[in-house]
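Observations on the three-dimensional arrangement
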Amino acid sequence: MASKIFVKAGNVQIGGGAQVSIQSMLNTPAHDIEGSVRQAKALEAAGCEIIRAAVPDKDAVKLVSALKENVNIPVVADIHFDYKIALECVSAGVDKIRINPGNIGDDSRVKAVADACRNNNIPIRIGVNSGSLEKSILQKYGHPTAEALCDSALYHASLLEKFDFTDIVLSMKSSTVKTTVDAYRLARSRCDYPLHLGVTEAGTEYSGIIKSAAGIGALLLDGVGDTIRISLTADPVREVVAAKELLKAVGLRTGGVKFVSCPTCGRTKIDLISLANEIQEKLSNVNKDITVAVMGCAVNGPGEAKEADLGVAGGDGCGLIFRKGEILYKVPESEIVTALLSEIEKL
Ligand code: SF4
């Protein structure tokens, strides 16, 4: 079940029953401040709610300050190995840190990071991946199993707990969907930390969305998970668009247009595929809580029409515009988009 305890990254609550938040990560070079800020703004405009940036060296800490000045969503610094960079990011006003305490050296360094984060109310995400498990854990399990991922995440958490630091979020991502799902389910049964869900190295846009929807979707439908990132080898704005669709699909977000279209068949007499794509694209920025149906023929059009606030059913080179089960009028194929959009505007 969703975590009962929560942390706060800036003004975004993670866990404790808060809305499942959408994250993404910049893929611009860390030292390209201007390009990174531009991408961060695009992500924020697309609906990203928490933004993460890699901070590979001390010079890159400047990026944290630049992002804080230019976007209104919480900024997470992704740090590997160097605890001093973590301390500098805290001083630069970062809202959350992703670091694995087992990778930064002795207890004094872990304590320094834990103390700095506690004093500034900054949570830490421990992010375990199947490719970076501790040797001892790998030896025990033979390969990166769900148990291995979960053990590793809880091991890193125990290093922070030693210093009474518990503002922790856990992630345990595998590139295998089933291992990812099993690892998170196990973690949910073994601890109550908020969980950041994701399938790692999920692939390019098409396969990555399918893997993420299967893995993250399965967990969210079980009530597991507090924040998500869909990882794609693509423009990160696509990650945010996909995450929003996934949250809508599992019923965790409402608002915006629910778009319905048929798969087409031998009865279709208009170019429905182009039409559906064009209409869906034009509706992506419409915030009305409505259902729009784009159907290839009048056979199923009336059935969908009862559910849809507005829709079109294709005829022979024409379209029947309907509203709540009632056919309004017929338009030539070339005028379908304009007619439908003008009816949507009236709602
Ligand atoms: Fe075929 Fe009509 Fe059903 Fe579309 S709505 S799949 S065109 S029968």
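Going by the structure above, here's the rest.
In what follows, the accompanying structure is described. (Residues numbered from 1 in each chain as written. Predicted model: local features only at pLDDT ≥ 70, side-chain atom pairs only at ≥ 80, totals over all residues. Heavy atoms only, no water.)

1. Remarks on the sheet that holds strand β13 (residues 310-314)
What the 5 strands build is an open sheet, ordered β11-β12-β13-β14-β15; its pairing is mixed. Edge strands, defined here as strands with exactly one partner in the open sheet, are β11 (258-261) and β15 (326-332). The sheet shows a mean angle of 20° between the axes of neighbouring strands, taken without regard to direction. Direction of pairing for strand β12 (residues 291-295) relative to β13: parallel, over a ladder of 4 bridges. Following the sheet pairing, Val-294 is matched in β13 by Val-312. Contacts from helix α10 (residues 272-283) reach β11 and β12, with the element oriented near 165° to β12. (Pairing = 2+ DSSP bridges. Helix = DSSP H or I, 4+ residues; strand = E, 2+ residues; numbered from the N terminus. Axes fitted to C-alpha atoms, helices over the stretch in contact; angles between N-to-C directions. Contact = heavy atoms within 4.5 Å.)

2. A look at the site of the ligand
In the vicinity of the ligand, the contacting residues are Cys-262, Pro-263, Thr-264, Cys-265, Arg-267, Thr-268, Met-295, Gly-296, Cys-297 and Asn-300. Of the residues contributing to the shell around the ligand, the split by class is 5 nonpolar, 4 polar and 1 charged. (Near = heavy atom within 4 Å. Nonpolar A, V, L, I, M, F, W, Y, C, P; charged D, E, K, R; others polar.)

3. What to know about the layout of surface pockets
Sizing a probe to match a water molecule and rolling it over the atoms shows the empty space that remains. There is about 1,400 Å³ of room inside the largest pocket. Forming the boundary of the largest pocket are 36 residues, of which Val-241, Glu-245, Lys-248, Gln-280 and Ser-284 lie nearest the centre. Looking at the lining of the largest pocket, the elements with two or more residues in it are α1 (33-46), α8 (205-221), α9 (236-249), β11 and α10. A per-element tally of the lining of the largest pocket places α9 first, with 8 residues. Residues belonging to the lining of the largest pocket are distributed by class as follows: 15 nonpolar, 10 polar and 11 charged. In this structure, the second largest pocket spans a volume of roughly 240 Å³. Among the secondary structure elements, those contributing two or more residues to the lining of the second largest pocket are β7 (124-129) and β8 (168-173). (1 Å grid on protein atoms, 1.4 Å probe; cavity = no way out; pocket = protein on both sides within 12 Å on 5 of 7 lines; lining within 4 Å. Points joined across faces, edges and corners; volume = space filled by probe spheres on them.)

4. Considering the nonpolar core
The nonpolar side chains of a soluble globular protein tend to be buried with one another. Val-55, Ile-79, Cys-89, Ile-97, Leu-170 and Met-172 are the most contacted members of the largest nonpolar core, which totals 79 residues. Considering each element in turn, this core owes the most residues, 9 residues, to helix α6 (residues 146-161). Aside from chain neighbours lying at most four places away, what touches Val-55 is Ala-60, Val-61, Val-64, Ala-77, Asp-78, Ile-79, Ile-85 and Cys-89. Core analysis: the second largest hydrophobic core is formed by 19 residues, Val-257, Ile-270, Val-337 and Leu-340 among them. (Core = buried A, V, L, I, M, F, W, Y, C linked by side-chain atoms within 4.5 Å. Buried < 20%, exposed > 50% of the residue type's maximum accessible area, 1.4 Å probe, protein only.)

5. Quick look at unusual backbone geometry
A positive phi angle, near 55°, is found at Asn-121, a position not held by glycine. You can call Asn-121 exposed: its relative accessible area is 62%.

6. Concerning α10
End to end, α10 covers 16 Å across 12 residues, agreeing with the expected 16 Å (1.5 Å per residue, within 8%). Those residues of α10 that are buried lie in contact with β11, β12 and α12 (336-346). (Expected span 1.5 Å × (residues − 1).)

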